[in-house]
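Chains, contacts and geometry: an overview
Now for the letters of each chain:
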Amino acid sequence: MASGVVGEEVRNKQVILKDYVSGFPKESDMQVINGTMKLKLQEGSHGIVVKNLYLSCDPYMRIRMARVEGPSVLTSYTPGSPLTGFGVAKVLDSGHPNFKKGDLIWGTTSWEECSHITELEGLFKIEHTDVPLSYYTGILGMPGLTAYAGFYEVCSPKKGEYVFISAASGAVGQLVGQFAKLMGCYVVGSVGSKEKVDLLRNKFGFDEAFNYKEETDLDGALKRYFPEGIDIYFENVGGKMLDAVLLNMRDHGRIAVCGMVSQYNLAQPEGVQNLMCLIYKRIHMDGFAFFDYYNVYPKFLDVVLPYIREGKIKYVEDIAEGLDSGPAALVGLYSGRNVGKQVVLIARD
């Protein structure tokens, strides 16, 4: 960001979406441009101006890069405008009583060096800075609250249950697995490379892990790892994996539907064949969104911060440096190029 007197316009690098995306996203679907903005709010504004420090790359962003049709909790990005997503930022100017200059916050911001934020609902002030600030894009931000709410609130786990997690090395999956182990559950995760299999077993303490790309029969693979069936499935993938899981669920099992990344780049989503299992096995299958659980965020911090400080939870990040690296980092999510939570470092506090 160029230097300048506060109140004057300064250069503001941005990542914009060039046009709606169909199929697999490419770096060329986005463009890094130099815009301008003022760092001082107009008199009477109730918004805030922030300097963005970290930006979060999350799978749901692919949905917003397309034209979203029909009712949805997600809206399409606007071609020609910066992407938006979760991030960590420092307040430069504030017209709102809840925020003051110098505060650190996490929540929804834009993919640019500095942002003027007018919708402040869902912004959280960062009170605990003894952990890396980047954690608020992940373990202490949206993915962390998603993992916590999906596992504890949606799945109602019990000690000794059998838990399966797809996309298990990602920002959410790696946490769900560790929460489950801390409860005394048997935990298996599926991932897309040998490196990630090793990460689940050796770093995150999963009981077992497998590379789904090496399995020609997913139903058979699940029967190998869960001969007695699955109590809890944390769903991040959808498609053929969900179909195989349904055949292997135990009676009264629970499925928390967090995402379906295998479907995001398909023009025509795959059908699911084994939904009758929901009836036969009386399975409880719930879709959920983390913002329905804002009210449990303080309780979440009370649980997770001690786990981090005591080393009971390990967390892996994949940090790309500079806004120019943002498009490649985001696109890499959809081929599994990242190892751990994908973050883009924009500036150090």
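1. Overview of the packing of aromatic side chains
Evaluation of the coordinates by the stated rule reveals 23 aromatic pairs. Ring centres 5.6 Å apart and planes at 55° place the aromatic pair Trp-106 and Tyr-297 in the tilted group. Pair noted here: Trp-106 is in strand 5 (residues 104-110) and Tyr-297 is in helix 8 (residues 297-309), with a separation of 191 residues, a long-range link. Each of the two residues, Trp-106 as well as Tyr-297, counts as buried. Considering the side-chain rings of Phe-234 and Phe-288, the 6.1 Å spacing of their centres and the 75° angle between planes classify their relative orientation as edge-to-face. Of the two residues, Phe-234 sits in strand 11 (residues 230-235) while Phe-288 sits in the loop between strand 13 (284-287) and helix 8, which places them 54 residues apart along the sequence.

2. A few points about the packing of helix 2 (residues 142-154) against helix 3 (residues 173-182)
For the pair helix 2 and helix 3, interaxial distance at closest approach is 9 Å and the crossing angle is 45°. In terms of axis orientation, helix 2 runs oblique to helix 3. The hand of the helix 2/helix 3 crossing is right-handed. For the pair helix 2 and helix 3, contact is made by Pro-143, Gly-144, Ala-147, Tyr-148, Phe-151 and Tyr-152 and by Leu-175, Val-176, Phe-179 and Ala-180, respectively. Classifying every residue of the contact of helix 2 with helix 3 by side-chain character gives nine nonpolar, one polar and no charged.

3. Remarks on the packing of helix 2 against helix 8
In contact at an axis separation of 11 Å, helix 2 and helix 8 are set at 95° when each is read in the N-to-C sense. In terms of axis orientation, helix 2 runs roughly perpendicular to helix 8. On helix 8, the residues touching Gly-144, Leu-145, Tyr-148 and Glu-153 of helix 2 are Tyr-297, Lys-299, Phe-300 and Val-303. Split into classes, the residues belonging to the contact of helix 2 with helix 8 amount to five nonpolar, one polar and two charged.

4. Some words on the confidence of the model for the chain
Summing up the model confidence of the chain, the mean pLDDT is 94 and the portion of residues at 70 or higher is 98%. Across residues 1-6, where pLDDT falls below 50, the model places 10 contacts with residues more than four positions away in sequence or in other chains.

5. Comments concerning the sheet that holds strand 12 (residues 249-257)
Reading across from one edge, 10-9-8-11-12-13 is the order of the six strands in this open sheet, with parallel pairing throughout. Only two strands of the sheet have a single partner each, and these edge strands are strand 10 (208-211) and strand 13. Between one strand axis and the next, the sheet turns by 15° as a mean value, whatever way the strands run. Lying on the sheet, helix 3 is in contact with strand 8 (162-165), strand 9 (186-191) and strand 11; it crosses strand 8 at an angle near 170°. Helix 4 (residues 194-203) contacts strand 9 and strand 10 of the sheet and is inclined by roughly 170° relative to strand 10.

6. Looking at the nonpolar core
Core analysis: the biggest nonpolar cluster contains 83 residues, and Leu-83, Trp-106, Trp-111, Ile-139, Leu-140 and Leu-330 have the highest contact counts within it. Excluding anything up to four places from it in sequence, Leu-83 contacts Val-15, Leu-17, Met-30, Met-61, Tyr-77, Thr-109, Ser-110, Trp-111 and Leu-330.

7. Observations concerning the environment of Lys-18
Secondary-structure assignment places Lys-18 in the loop between strand 1 (9-17) and strand 2 (30-38). Remark: the alpha-carbon pair of Lys-18 and Pro-79, spanning 61 residues in sequence, is separated by 5.2 Å. Excluding its chain neighbours within four sequence positions, the residues that come into contact with Lys-18 are Ser-28, Asp-29, Met-30, Gln-31, Pro-79 and Gly-80. A distance of 3.0 Å separates a polar atom in the side chain of Lys-18 from the backbone oxygen of Ser-28.

Thresholds, definitions, all that
- Residues numbered from 1 in each chain as written.
- Predicted model: local features only at pLDDT ≥ 70, side-chain atom pairs only at ≥ 80, totals over all residues.
- Heavy atoms only, no water.
- Phe/Tyr/Trp six-rings, centres within 6.5 Å; stacked < 30°, edge-to-face > 60°.
- Helix = DSSP H or I, 4+ residues; strand = E, 2+ residues; numbered from the N terminus.
- Buried < 20%, exposed > 50% of the residue type's maximum accessible area, 1.4 Å probe, protein only.
- Axes fitted to C-alpha atoms, helices over the stretch in contact; angles between N-to-C directions.
- Parallel < 35°, antiparallel > 145°, perpendicular 65-115°, else oblique.
- Left-handed = near helix turned anticlockwise from the far one by under 90°.
- Contact = heavy atoms within 4.5 Å.
- Nonpolar A, V, L, I, M, F, W, Y, C, P; charged D, E, K, R; others polar.
- pLDDT = per-residue confidence, 0-100.
- Pairing = 2+ DSSP bridges.
- Core = buried A, V, L, I, M, F, W, Y, C linked by side-chain atoms within 4.5 Å.
- Polar contact = N/O pair within 3.5 Å; in protein donor to acceptor, adjacent residues only side chain to side chain.

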